[in-house]
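Fold and geometry: a report
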Amino acid sequence: MERQKVIVIDFGGQYNQLVARRVRECNVYCEIYSYKTDIEKIKEMNPMGIILTGGPSSCYEEDAATCSPELFKLGIPVLGLCYGAQLMQHVLGGKVERAKDREYGKTDIIIDNSSALFNGVPEKTTCWMSHFDYISKTAPGFKVIAHTDNCPAAALENVNENLYAIQFHPEVLHTPEGTKMLYNFVRNICGCAGDWRMDSFVKENISKLRERIGSGKVLCALSGGVDSSVAAVLLSKAIGDQLTCVFVDHGLLRKNEADEVEAIFGKEGSYDINFVRVNARDQFYVKLAGVEDPESKRKIIGEEFIRLFEQEAKKIGKVDFLVQGTIYPDVVESGLGGESVVIKSHHNVGGLPDHVDFKEIIEPLRDLFKDEVRKVGLELGIPEKLVFRQPFPGPGLGVRIIGDVTAEKVRIVQDADAIYREEIEKEAAAYKEKNGELPDWMPDQYFAALTNVRSVGVMGDERTFDYAIALRAVRTIDFMTADCARIPWDVLDKVTSRIINEVRGINRCFMDITSKPPGTIELL
Ligand code: XMP
């Protein structure tokens, strides 16, 4: 049976993936496509509904991003958001003009008319506005269904044609009723049944994977990160011992991490997986000895990883399929889906080797957003600690030690990082216990890095000349931009004093409060 889907047409706005995620939260499957996608292709996809996103253009300008007028005549419900709303009006004969002032931020909004779009939404509510242009004349057949002080047409509908336009952003949390509006559109107006659920995703995919793989052999590079772990368990449920997972301990993991990964996936763990652990710590340290340049370090780690992986693959013999942990944002950001620009391509040591002899790639998580991967992980019974793990770079502590890497520096940064994480987790858990939610300052990623700077200190009556550690903590949604997480001083104080007392080789802690940009999250 064909899966019901909604198409999100991307005009290059910053919240486009968020629109898709919110739709998925309504248990409706959706995909993002560029506004340049041919109308015939859209028709072929047979969507239940279409959502036009925001974007940076002004629709009355000559080279503005646009869409075919036919899009509004397919008999498929269309919802335009922000730029998408203006474009709908512009294309259908309304007028869009530049306003005197930009309307930006949380704005009071009045719902004027009952509309299926606002079912269950109070008459007075708040919305998130971000626009310069405004709809000065509605297109024929449209009726205004909401306004704000500065925006006479904050929402419009043409019920006969099933067309809806919203000037604000229902997808962001600052529009508290926004998800309800999107729900009303995809579930009630488009009539989607809400069959996109992670339990059925697991069931469906297990049988699809079985069918595709047959009796073939599958190889998976397991890093212990969320994506590769979820992919591995899903495949193992589907094909059992036809799967082999190779886990390379490059000696640059966090404290005890290699053993933790083995405890979950190895012989003693709860999965029946062919798990191969390659202990290559010394080999990596030898290769990295004396290398200071960050890019060279990344390259060495990546190449060494791939070589080891290939060696293991050879031992297995002919491999039919190789597993990749690609997830949906990777697909969108690599330009295959939406319109937003590619920001960076990371070197991921779980990446694809060139020389393994295999027939095909399997990407079992290709359709999923990160939060959906996590839900699948929980569905599969993977421990929460692993499912909600913060991201960890493929080259590991190699990019958290400035300068050359030695076993001693790895030990120092591992010990400091373990204390830092332990204290943050403890404080956050205590706060949650008391307040029912995590604190505002809770970072999305936090770690210790070695600065490679040594400075003078005093301990007991002794002069010390030891390393300084840098503590990093950031709040971020997409890891492309980030702000420093404002961890309370008393927590930092405790972390600092524990690190200096407990970690031999450190006598000073710095807090890195640089945002991204101009900094990056990792120090290298
Ligand atoms: P940056 O330092 O570029 O990091 O601001 C953004 C996010 O990506 C992670 N990161 C990596 N992940 N391989 C990875 O798999 C890498 O080489 C790599 N470098 C950075 C980083 O931890 C952060 O979450």
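Right, let's get into the overall build of the protein chain. Helix and strand content of the protein chain: 14 helices and 18 strands. Its C-alpha atoms give the protein chain a radius of gyration of 26 Å, within 12% of the compact-globule value 24 Å for 524 residues. Across its three principal axes, the protein chain shows a C-alpha extent of roughly 80 × 60 × 45 Å. Residues classed as buried in the protein chain amount to 54% of the 524 residues present. For the protein chain, the proportion of contacts with a sequence separation of at least 24, taken over those separated by at least 6, is 75%. Accessible surface for the protein chain amounts to roughly 24,200 Å². Of this, 48% is attributable to carbon and sulfur atoms. Computed over 64 positive and 79 negative side-chain charges, the inter-centroid distance for the protein chain is 2 Å.

Note on placement: I401 falls in the loop between α12 (384–387) and α13 (407–435). With relative accessibility at 0%, the residue I401 sits in the buried group. Counting along the chain gives 49 residues from I401 to L450, while the straight-line C-alpha distance between them is 4.7 Å.

This brings us to the domain arrangement of the protein chain. Domain annotation of the protein chain identifies domain 1 (5–189), domain 2 (198–396) and domain 3 (400–512). Taking the mean C-alpha position of each, domain 1 and domain 2 sit 38 Å from one another. Between domain 1 and domain 2, a total of about 1,100 Å² is buried, with carbon and sulfur atoms accounting for 46% of that surface. The tally of links between domain 1 and domain 2 comes to two salt bridges. A salt bridge links R24 to E372; the nearest nitrogen and oxygen atoms lie 2.6 Å apart. Going through the elements one at a time, α1 (16–25) and β2 (29–34) are the ones with two or more residues in the side of domain 1 that touches domain 2. With six residues, the single largest contributor to the side of domain 1 that touches domain 2 is α1. The residue makeup of the side of domain 1 that touches domain 2, split by class, is five nonpolar, five polar and six charged.

A word on the sheet that holds strand β14 (residues 360–362). Hydrogen bonds between backbone atoms are what pair the strands of a sheet, whose relative direction is either parallel or antiparallel. In space, the five strands of this open sheet follow the order β12-β11-β10-β13-β14, with parallel pairing throughout. Each edge of the sheet is formed by a strand with only one pairing partner; in this case those strands are β12 (274–279) and β14. Geometrically, the sheet is characterised by an average inter-axis angle of 25° between neighbouring strands, direction not taken into account. The strands touched by helix α6 (residues 226–239) within the sheet are β10 (218–221), β11 (243–249), β13 (321–323) and β14, with β11 carrying the most contacts at an inclination of about 155°.

Nonpolar side chains tend to gather and get buried jointly when the protein is soluble and globular. Ranked by size, the top nonpolar core spans 91 residues in total, and within it F265, I469, I487 and I499 carry the most contacts. Of the domains in this structure, domain 2 (198–396) and domain 3 (400–512) are the two that each give at least three residues to this core. Among the nonpolar cores identified, the runner-up in size contains 38 residues, and V8, V19, V121 and C151 belong to it.

What follows is about the side chain of E304. Tracing the backbone shows E304 in helix α9 (residues 294–316). Leave out the neighbours within four places in its chain, and E304 touches Q283, F284 and K287.

It is worth spelling out the confidence of the model for the protein chain at this point. Predicted confidence across the protein chain gives a mean pLDDT of 93, with 95% of residues reaching 70 or more. Low pLDDT, under 50, characterises residues 340–350; the predicted model gives this stretch 20 contacts beyond four residues in sequence or across chains.

One pass over the full model with this rule turns up 38 salt bridges. When the shortest N-O distance is used, the salt bridge between R400 and E522 registers 2.8 Å. Remark: E522 occurs in the segment after β18 (506–512) and R400 occurs in the loop between α12 and α13; sequence separation between them is 122 residues. A single burial state applies to R400 and to E522, both of which are buried. Residue R498 is joined to E423 by a salt bridge in which the shortest nitrogen-to-oxygen separation is 2.7 Å. Here R498, found in helix α14 (residues 489–502), pairs with E423, found in helix α13; they are 75 residues apart in sequence, far enough to count as distant. Across this residue pair, the class does not change: R498 and E423 are buried. Each of the salt bridges in this network shares a partner with another, and the network as a whole consists of E422, E423, K426, K494, R498 and E502.

Once that is clear, we can look at helix α7 (residues 257–265). Each α-helix turn comprises 3.6 residues. Residues three or four places apart therefore point the same way. For α7, every residue scored as buried is listed here: E257, A258, V261, I264 and F265. The arc enclosing the buried residues of α7, seen along the axis, measures out at 130°, which places them on a common side. Against α6, β11, β12 and α12 lie the buried residues of α7.

On to the pairing of strand β1 (residues 5–10), then. Along a regular strand, successive side chains alternate from one face of the sheet to the other. The element β1 is extensively covered by neighbouring structure, given that six of its six residues are classed as buried. Along β1, one buried face is formed by K5, I7 and I9 and the opposite face, lined by V6, V8 and D10, is buried too. Relative to β2, β1 runs parallel, the two sharing six bridges. Bridging across to β2, I9 finds its partner in Y33.

A word on the packing of aromatic side chains. Enumeration over the complete set of coordinates arrives at eleven aromatic pairs. Here Y104 and W128 contribute two aromatic rings whose centre-to-centre distance is 5.3 Å and whose plane-to-plane angle is 70°, an arrangement assigned as edge-to-face. Here W128 lies in strand β6 (residues 124–137) and Y104 lies in strand β5 (residues 95–111), a separation of 24 residues in the sequence. Given a relative accessible area of 11%, W128 falls into the buried group. Measuring from ring centre to ring centre gives 5.8 Å for W196 and F201, while their planes differ by 80°; the resulting arrangement is edge-to-face. On the accessibility criterion, W196 (5% relative accessible area) is buried. Through a chain of ring-to-ring contacts, the aromatic side chains of F11, Y35 and Y83 assemble into a single cluster.

Our next topic: the environment of D149. Here D149 shows up in the loop between β7 (143–147) and β8 (155–158). A sequence separation of 35 residues divides D149 from S114, and the C-alpha atoms of the two residues are 19 Å apart.

Conventions we followed
- Residues numbered from 1 in each chain as written.
- Predicted model: local features only at pLDDT ≥ 70, side-chain atom pairs only at ≥ 80, totals over all residues.
- Heavy atoms only, no water.
- Helix = DSSP H or I, 4+ residues; strand = E, 2+ residues; numbered from the N terminus.
- Rg over C-alpha atoms; globule rule 2.2 N^0.38 Å.
- Buried < 20%, exposed > 50% of the residue type's maximum accessible area, 1.4 Å probe, protein only.
- Contact = heavy atoms within 4.5 Å.
- Areas by Shrake-Rupley, 256 points an atom, 1.4 Å probe, with all protein chains shown as cover.
- Lys, Arg positive; Asp, Glu negative; His and termini not counted.
- Charge placed at Lys NZ, Arg CZ, Asp CG, Glu CD.
- Domains from an automatic or database assignment.
- Buried area = accessible area lost by both parts, 1.4 Å probe.
- Salt bridge = Lys/Arg side-chain N within 4 Å of Asp/Glu carboxyl O.
- Nonpolar A, V, L, I, M, F, W, Y, C, P; charged D, E, K, R; others polar.
- Pairing = 2+ DSSP bridges.
- Axes fitted to C-alpha atoms, helices over the stretch in contact; angles between N-to-C directions.
- Core = buried A, V, L, I, M, F, W, Y, C linked by side-chain atoms within 4.5 Å.
- pLDDT = per-residue confidence, 0-100.
- Arc of directions from axis to C-beta.
- Phe/Tyr/Trp six-rings, centres within 6.5 Å; stacked < 30°, edge-to-face > 60°.

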